[in-house]
Amino acid sequence: MRGQPRWAVALAAAILVAGTQYSAAKKDDRHKAHPAPSAPAAQTASPPAPAPPSRPPANPQGAPGVQPSAVVVEKQEVQTILGKAVRSSAGEDMGRLVDVVVDREGQARAAVIDFGGFLGVGSRKIAVDWKALHFSPSDPQGSTITLALTRDQVKAAPEYKDGGPVVILSALGDLQPMPAINPQAQEK
Amino acid sequence: MTLAQLPLDSYGSGSGAGGRGARVHASPPENNRPHPSTSSLHGLDWFVFFVANVQTGFGPFVSVYLTAAAWTQVDIGLVLTIGGLVALVGQMPGGALVDAARSERFVAAIAVIVIGANALQFAAWPIYPVVLTAVVLHSAASCVLGPAIAAISLGLVGPEHVGERFGRNARFASIGNGLAAAAMGAVGYWFSPRAVFFVTAALLGPALLALAYIRPAEIDPERAHGGRAEQPPQRPLSSLRSPTRLRPLLIFSGCFMLFQLANAAMLPLMGSVLTMRSSQWATVLIAACIVVPQLVVALVSPWIGHRAELRGRRPLLLLGFAALPLRGLLFAVVHDPYLLVIVQLLDGISAAVFGVMVPLVVADVTRGTGHFNLALGIVGTAIGIGASLSTTLAGYTSDHFGSAIAFVALAAVAAVGLALIWKLMPETRPGEKLLIA
C-alpha cells in the first residue's frame, strides 16, 4: 500500500521535471539546448535518471528506441515547489504548497496550500488557481512563491478534500460570493 | 494550601517544598514513610518541565518539518498514523514494563535518551525509513516515559501526598509545553523547521541533569508501583482483577474515553472555524486559545491536587467533566472570537482536572496491587481510543451538519461522561485517617 503512491509521485515528479525542462529549453534559446560544457554539475543530474528501470515506460510509444537527450537549465530559471512557503503579494504568510492539481492533459490547474492555523491547529488545505501563483526562482533571497490573493480573500474558502469536487479559488474572477459561504451550510 | 495559592514563584524560594516536607513529618508516624529531599523534588519538577519541552518538539512541528522537506501529505499522514497506533498499543506494555522495572530513574533516562536521539534522526535525515523508525521509537519511548514519571512521583512522596505532587507535575508540564511551543515556534520561524529538532535534541541534556538530581534511594520501588511489602506475590494481575478494583478502574476508563472523545476535537474544530471567520487575527486568536488553558492548568493544578487530598476526588471529577459540555455548548452559540478565548478558560479547568485526576485515581484504585503503571496504561489506552475517534466524529458531523451541530454533539458525548461519573464512579480517596495532618 505504501510503496505505490510514493513511486507514483516520484514518477509524476520526474515526468513533470523532464517536461518543464524540455519546454523551458525550447522557448529559451539563450541557453544551449545540448550538453553545455560550462555547467557540468547540472548536466550530470539530467541524463536518463528520471526513468525508473522497474516501471513500465511512461511513454510507451517511444521510450525504447529514442535516444535520451539532456537539457541544462540554470537554477535561476526553475525551482521545485513542493513544501515551499507561499506568500501573498502583500507579504502575508499563506502557508505551504503541499500538492498540485492537474487536469486530464496534465496541465496544472490548481495548487493546494496548507493555510492558516497555529501549531497545526485550525489549518486547512485550500485549492488556489494555478494562474494566481507567481514563481520567482531567480530571487536572490531564495526562490519564493507569490499568490495573487490575500488572507482575507481565501479565509472563507472551503477545505480541499481528496476525492470530492475541487473548489478552486481564482484571482481573476469576482470573489464577492466567497465570504457569503456559511461554513455551517456547507454541505459535503 | 499555601503552596497551591502561591502562583508560579513557589518554586524559586524552595520554601514551598520545605513547607510540604515539614507537613510530611507532621503526619502520623508509619513505617517506611517517604522522606523525599528537596533535591529530589526539585529534580522531578525540572525533569517534568524538560520532558514537556522535548515532547512539544515532536508535536505539531513534525508535520511542518516534513512538509517543508517536500514530503507528500499522504506520506506524512501515514507516518503520523503509524506513530499514533504505536502510542496507543504501547500504553499497556509500557506500563507493565515500568511496573516490572526496579529503577524508574533508569527507565526514564533510557526513554529520554531514545527520544533525544529520535530528534537528531529527524533533523539529520528526513527520509522515509529513518523518519518512520524515529516516529515509532518516539511513540514507544513516550509510552514508557509517562508512566515512569508517575511512578517516580508516587515512589518519592507516597500515596498520601501524591495528589499534590501530580498537581505540581501538571503545572510544570504545562509551563514546559507553553514555553517550548513559543520558543520552538520562534526557532522554526526565524531559522528553519529543521532547527526545531536540534533544539529538541539539545534539551536532552538538562532533562538528564534534572533526573540526576532525583535521589534513587528515595524512590521506593514498591511504593512507586502502588505496591506494598505486605503484598505476597500471587498469580499475575490477580490483585488487579479483584472486582473492588477493577470496577472503578473500568468505569473511570470509560468515562475518560468519553471525555477525550468529546474533548480532543473541540479545539481543532474551533480553530478551523476561527480561521474561516477572521483572517487578520486568526493566528493570534488560535494561539491564545492554546495558551489560555495552559496558563489555567499551570495556575490551578496544584490546588486541584491539594483539594483532591482534602475533600476527595469526586467533586473535582464532576467539576472537570461539567466544564466540558458547557464549553461545547458555548462554542456552538458564541460567535465573538474574543469571547471564544474566554470560553477556553473552561478547557483549562477540564485539562487540569484531567492531568491530576488520571494518575491520582489510578493510584488510589491500584493501591496495594503493584500494578499502578499497568492500570495507568489501561486508562491511557481508553483515552487514546477516545481521542482518535474524536477527530473522525467531529469531522464527519461538521462536514454534514455544520460546526454548531458538531459542537453540540461533542457536548452531548461529554454530558454522557458526566452522567456516568455522577452515577457510577465511587469516591476513591483513601480513608480519613490519612488526612489528619
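Within any chain, residue numbers begin from 1 and follow the written order of that chain's sequence. Each chain gets a letter, beginning with A, and each ligand a number, beginning with 1, in the order they are written. Only residues with pLDDT of at least 70 get local features here, since the model is predicted, and only at 80 or more are side-chain atom pairs given and counted; chain-wide, interface and lining totals rely on the full set of residues.

Draft legend 1. Molecular detail of the overall build of chain B. Each helix corresponds to a stretch of at least 4 residues labelled H or I by DSSP, and each strand to a stretch of at least 2 residues labelled E; elements are numbered beginning at the N terminus. Summing up its helical and strand segments, chain B has 21 helices and zero strands in all. For chain B, the share of sequence-separated contacts (at least 6 apart) that also reach a separation of at least 24 residues comes to 85%. This entry defines residue contacts through backbone-placed C-beta atoms, with two residues in contact when those atoms are within 7 Å.

Draft legend 2. Seen up close, the overall build of chain A. A tally of regular secondary structure across chain A gives three helices and seven strands. What you see in chain A, going N to C, is helices and strands ordered as α-α-β-β-β-β-β-β-α-β. The exposure label follows from counting other C-beta atoms within 10 Å of a residue's C-beta, where the C-beta atoms are placed from the backbone and the thresholds are 20 or more for buried and 12 or fewer for exposed, leaving partly exposed in between. For chain A, with 188 residues in total, the buried portion stands at 21%. Put simply, of all contacts in chain A between residues at least 6 apart along the chain, 49% involve residues at least 24 apart.

Draft legend 3. Inspection of the interface of chain A and chain B at higher detail. At the junction of the two partners, chain A supplies 27 residues and chain B supplies 31 residues. For the side of chain A that touches chain B, the secondary-structure elements that each account for two or more residues are helix 1 (3-27), strand 2 (93-102) and helix 3 (151-154) of chain A.

Draft legend 4. The arrangement of the packing of helix 9 (residues 128-157) of chain B against helix 20 (residues 372-401) of chain B in detail. Residues and elements named next belong to chain B. Packing of helix 9 against helix 20 leaves a shortest axis separation of 10 Å and a crossing angle of 140 degrees. Here helix 9 is positioned oblique relative to helix 20, judged by the angle of their axes. Crossing geometry of helix 9 relative to helix 20 is assigned as right-handed. On helix 20, the residues that touch Pro-147, Ala-150, Ala-151 and Leu-154 of helix 9 are Phe-372, Asn-373, Leu-376 and Gly-377. Structural elements are reduced to axes, namely lines fitted to C-alpha atoms, with helices fitted over the stretch in contact, and the angle between N-to-C directions of any two is expressed from 0 to 180 degrees. Orientation is classified from the angle alone, with under 35 degrees giving roughly parallel, over 145 giving roughly antiparallel, 65 to 115 giving roughly perpendicular, and any other angle giving oblique. In this scheme, a crossing is called left-handed if the near helix is turned counterclockwise away from the far one by less than a right angle; it is called right-handed if the turn is clockwise.

Draft legend 5. Summary view of the pairing of strand 4 (residues 124-129) of chain A. All names here are of chain A. Here, any two strands with at least 2 DSSP bridges between them count as paired. Bridge count for strand 3 (residues 108-115) against strand 4 is six bridges, and the pairing is antiparallel. Counted as the bridge partner of Ala-110 is Asp-129 from strand 4. Pairing of strand 4 with strand 7 (residues 168-169) involves two bridges; the strand directions are parallel. Bridge pairing links Ala-127 to Ile-168 in strand 7.

Draft legend 6. Spatial organisation of the environment of Asp-347 of chain B. Residues and elements named next belong to chain B. Mapped onto the elements, Asp-347 comes out in helix 19 (residues 337-365). What makes Asp-347 buried here is the crowd of 23 C-beta atoms within 10 Å. A sequence separation of 225 residues divides Asp-347 from Phe-122, and the C-alpha atoms of the two residues are 32 Å apart. Residues in contact with Asp-347, not counting those within four places in the same chain, are Leu-267, Pro-293 and Arg-327.

Draft legend 7. Structural view of the sheet that holds strand 6 (residues 144-147) of chain A. All names here are of chain A. Spatially, 5-6-1-2-3-4-7 is the arrangement adopted by the seven strands of the open sheet, whose pairing is mixed. Because the sheet does not close on itself, it has two edges, and the strands there are strand 5 (133-136) and strand 7. Direction of pairing for strand 1 (residues 85-88) relative to strand 6: parallel, over a ladder of three bridges. Paired with Arg-87 across the bridge in strand 6 is Thr-146.

Draft legend 8. Examining the confidence of the model for chain A more closely. All names here are of chain A. The predictor attaches a confidence to each residue, and that confidence, scored 0 to 100, is pLDDT. Summary statistics for chain A give a mean pLDDT of 68 and a share of 55% for residues scoring 70 or more. The element-level mean pLDDT for chain A is lowest in helix 2 (residues 40-45), coming to 44, with strand 3 highest at 90. Contacts of residues 19-53 to residues separated by more than four positions or lying in other chains number 33 contacts, the stretch itself having pLDDT below 50.

Draft legend 9. A look at the domain arrangement of chain B. Residue and element names in this part refer to chain B. In terms of domains, chain B is made up of domain 1 (36-225) and domain 2 (241-437). On a C-alpha basis, the centres of domain 1 and domain 2 stand 21 Å from each other. The interface of domain 1 with domain 2 comprises 29 residues on the first partner and 33 residues on the second. Counting only elements with at least two residues in the side of domain 1 that touches domain 2, the list comes to helix 6 (73-89), helix 7 (91-100), helix 9 and helix 10 (162-190). Of all the elements, helix 10 adds the most residues to the side of domain 1 that touches domain 2, at 12 residues. Either an automatic procedure or a domain database provided the assignment from which the domain bounds are taken.

Draft legend 10. Fine view of helix 11 (residues 193-202) of chain B. Here helix 11 of chain B has its buried residues at Pro-193, Val-196, Phe-197, Val-199, Thr-200 and Ala-201 of chain B. On its buried face, helix 11 of chain B is in contact with helix 4 (38-58), helix 5 (61-68), helix 8 (104-124), helix 10 and helix 12 (204-213) of chain B.

Draft legend 11. Spotlight on unusual backbone geometry. Non-glycine residue Ala-70 of chain B carries a positive phi angle of around 65 degrees. Along the chain, Ala-70 of chain B turns up in the loop between helix 5 and helix 6.

Draft legend 12. Spotlight on the environment of Val-62 of chain B. Within the element layout of this structure, Val-62 of chain B appears in helix 5. The class for Val-62 of chain B is buried, based on 23 C-beta atoms found within 10 Å.

Draft legend 13. Geometry of the environment of Pro-129 of chain B. Counting through the fold element by element, Pro-129 of chain B comes out in helix 9. With 188 residues separating them in the primary sequence, Pro-129 of chain B and Leu-317 of chain B have C-alpha atoms 43 Å apart.

Draft legend 14. View of the packing of helix 4 of chain B against helix 9 of chain B. Residue and element names in this part refer to chain B. Interhelical geometry of helix 4 versus helix 9 gives an angle of 160 degrees and a closest axis separation of 11 Å. Considered as vectors, helix 4 and helix 9 are oriented roughly antiparallel to each other. In terms of crossing hand, the pair formed by helix 4 and helix 9 is left-handed. Of the residues in helix 9, those in contact with Ser-40, Leu-41, Leu-44, Val-48, Val-51, Gln-55 and Phe-58 of helix 4 are His-138, Ser-142, Leu-145, Ile-149, Ile-152, Ser-153 and Leu-156. Classes in brief: Ala, Val, Leu, Ile, Met, Phe, Trp, Tyr, Cys and Pro nonpolar; Asp, Glu, Lys and Arg charged; the others, Gly included, polar. Across the contact of helix 4 with helix 9, the residue classes tally to nine nonpolar, five polar and no charged.

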